[in-house]
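Architecture at a glance
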Amino acid sequence: MTPHPLTWLYVPGDRPPIVAKALAAGADVVVVDLEDAVAPDRKDYARAATAELLSEPQLTVHVRVNALDTPWAADDLRTLAPLPGVSGLRLPKITSPEEVVAVAEKARDLPLYALLETALGIERAFSIAAAHPSVHGIALGEADLRADLGVRDDTGLDWSRSRVVVAARAAGLAPPPQSVHPDIRDLEGLAASCAHGRALGFLGRAAIHPRQLPVIERAYLPTIQEIEQAETIIKAAAEEEGAQALPNGQFIDAAVVTAAQRTLSLARRT
């Protein structure tokens, strides 16, 4: 079974040497970005450079194409979707399930990941998540969403974050990864933000620099104490069926056992 990705490293598509370094950085997924990271006058170059790179199979590489209402999106999809090195497409600024379906019909069954970056996208989160079998995940684009909502304090995004987590799970998708932490020097802040995201139900995080990767992985992998507790729960459930109380007073039932199984699965990265 393929380990669930915890780290998603974004890299600008118009910087081939940086893309090459990113592929060796140890991220679970490298996301070649043709959208926000690339200036308008370099879009065509970025697409061509990415197509050359991904003409052969690679490690897990996704491409964030340009927003579907831009002049570049159709060429992005036409050029990149057939390539053997592309293992997923990230679709920015999605606001409706119809947009996702239109891409799915052109994208040779590639896994699609819808990025919700507006109030309208958040309101339609579940219908987007459930729009097509090719949708493998949804996630927030917090910078654009923050601007759309006029939010200044970070906690003002928590309702939208929870909405996306619930929508993903309701649609049978994996928990979404967190959006990027924009200050690549603030590793303590990144760790604290990851802890908050984990408490909200996120799993893993997008990064914009390799130094962020180990911080994200540490934050989202179970601790030794969590693993030991999960093992205790699984052992108790195997010895006695049904609801019960552990010696420490913790009540366990089927839901608690399922959560413990998830913890151990994540610890093994399976």
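Residues numbered from 1 in each chain as written. Predicted model: local features only at pLDDT ≥ 70, side-chain atom pairs only at ≥ 80, totals over all residues. Heavy atoms only, no water.

The next point concerns the nonpolar core. Of all hydrophobic cores here, the largest spans 59 residues; its most connected members are V63, L89, L112, L116, I138 and Y220. The dominant element in this core, judged by the number of residues it contributes, is helix α10 (residues 213-220), at five residues. Excluding residues that lie within four positions of it along the chain, Y220 makes contacts with L6, Q178, C194, G197, R198, F202, L203, G204 and L266. (Core = buried A, V, L, I, M, F, W, Y, C linked by side-chain atoms within 4.5 Å. Buried < 20%, exposed > 50% of the residue type's maximum accessible area, 1.4 Å probe, protein only. Helix = DSSP H or I, 4+ residues; strand = E, 2+ residues; numbered from the N terminus. Contact = heavy atoms within 4.5 Å.)

Further remarks concern the sheet that holds strand β2 (residues 29-33). Strands sit in the order β6-β5-β4-β3-β2-β1-β7 across an open sheet of seven strands; the sheet is parallel. Strands with a single pairing partner mark the edges of an open sheet, and in this sheet they are β6 (135-140) and β7 (205-207). Ignoring strand direction, the axes of neighbouring strands in this sheet form an average angle of 25°. With five bridges connecting them, strand β5 (residues 112-116) and β6 associate as parallel partners. (Pairing = 2+ DSSP bridges. Axes fitted to C-alpha atoms, helices over the stretch in contact; angles between N-to-C directions.)

Here helix α12 (residues 254-267) contains 14 residues, and its C-alpha end-to-end distance of 20 Å stays within 8% of the 20 Å for a straight helix at 1.5 Å per residue. If you check which residues of α12 are buried, you get V257, A260, L264, S265 and L266. On the buried face of α12, the contacting elements are α10 and α11 (224-239). If you check the start of α12, you find a side-chain oxygen 3.2 Å away from the backbone N of A255, and it comes from D253. Of the residues flanking the end of α12, it is R269, one or two places downstream, whose phi is positive at about 55°. (Expected span 1.5 Å × (residues − 1). Polar contact = N/O pair within 3.5 Å; in protein donor to acceptor, adjacent residues only side chain to side chain.)

Attention now moves to α11. Side chains three or four residues apart in an α-helix point the same way, a direct result of the helix having 3.6 residues per turn. Its 16 residues place the ends of α11 23 Å apart at the C-alpha level, agreeing with the 22 Å of an ideal helix rising 1.5 Å per residue. Among all positions of α11, only A230, I233 and A236 are buried. Along the axis of α11, the buried positions cluster into a sector of 130°, meaning they face one direction only. Exposed residues on α11 whose side chains face more than 90 degrees from its buried face are I224, K235, A238 and E239. (Arc of directions from axis to C-beta.)

Taken by themselves, the reported measurements are silent on function.
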